[in-house]
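Coordinates in review
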Amino acid sequence: MKAEVVKNLQLPGDSTGCSSIKIRPDRKIFAVAGWDNKVHLYNWKKLTPLGSLIHHTKSVQSLSFGEFSSQKILASGGSDGHIALWDVY
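Cut-offs and rules
Residues numbered from 1 in each chain as written. Predicted model: local features only at pLDDT ≥ 70, side-chain atom pairs only at ≥ 80, totals over all residues. Heavy atoms only, no water. Core = buried A, V, L, I, M, F, W, Y, C linked by side-chain atoms within 4.5 Å. Buried < 20%, exposed > 50% of the residue type's maximum accessible area, 1.4 Å probe, protein only. Helix = DSSP H or I, 4+ residues; strand = E, 2+ residues; numbered from the N terminus. Contact = heavy atoms within 4.5 Å. Pairing = 2+ DSSP bridges. Axes fitted to C-alpha atoms, helices over the stretch in contact; angles between N-to-C directions.

To continue, consider the nonpolar core. A general feature of soluble globular proteins is that nonpolar side chains tend to end up buried together. Within the largest apolar cluster, 13 residues are counted, with the highest numbers of intra-cluster contacts made by Val39, Leu41, Leu74 and Val88. Where this core is concerned, the elements lending two or more residues are β2 (29–34), β3 (38–43), β5 (60–68) and β7 (83–86). Setting aside chain neighbours within four positions, we find Leu74 in contact with Ala31, Val39, Leu41, Leu53, Leu63, Ser64, Phe65, Ala84, Leu85, Trp86 and Val88.

The side chains of a regular strand alternate between both faces of the sheet. The buried fraction of β2 is high, at 6 of 6 residues. Residues Ile29, Ala31 and Ala33 point to one face of β2 and Phe30, Val32 and Gly34 to the other, with burial holding for every one of them. Across 5 bridges, the pairing between strand β1 (residues 18–23) and β2 is antiparallel. Of the residues in β2, the one forming a bridge with Ile23 is Phe30. From the end of β1 to the start of β2, which pair antiparallel, there are 5 residues, and Arg27 there has a positive phi angle of about 60°. Where β2 and β3 come together, 5 bridges link them in antiparallel fashion. Residue pairing across strands places Val32 opposite His40, the latter belonging to β3. Hairpin connection, β2 to β3: the antiparallel pair is bridged by 3 residues, and Asn37 has positive phi, about 75°.

A separate point is the sheet that holds β3. Judged by pairing direction, the sheet is antiparallel, and its 4 strands sit side by side in the order β1-β2-β3-β4 without closing on themselves. Two strands bound the open sheet, and with one partner strand each, they are β1 and β4 (49–54). Strand-to-strand twist of the sheet, defined as the mean angle between neighbouring strand axes without regard to direction, takes the value 20°.

This paragraph deals with the sheet that holds β7. Spatially, 3 strands are ordered β5-β6-β7 in an open sheet, and the strand pairing comes out antiparallel. This sheet does not close on itself; its edge strands, each paired only once, are β5 and β7. On average, each strand axis in the sheet is inclined to that of its neighbour by 25°, with strand direction left out of account.

Structure below.
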């Protein structure tokens, strides 16, 4: 099988890498778990940055889109031992 990179994105600022990428089920945005302690959000169609979510004090390790108490959320888990629930809908 032959595969090619279609688009290469550079994480914003001083980010040195990422540990997880998740696409929201409606395919409007995707989230990147950054080693810079932030969750970076991007527009799925335009592949442009939408902003960064700041809560964790160490690298973000995992991401998951889902529901919590009937509210659609993005959950992020960091190596700081914290889980953050974000309303990004």
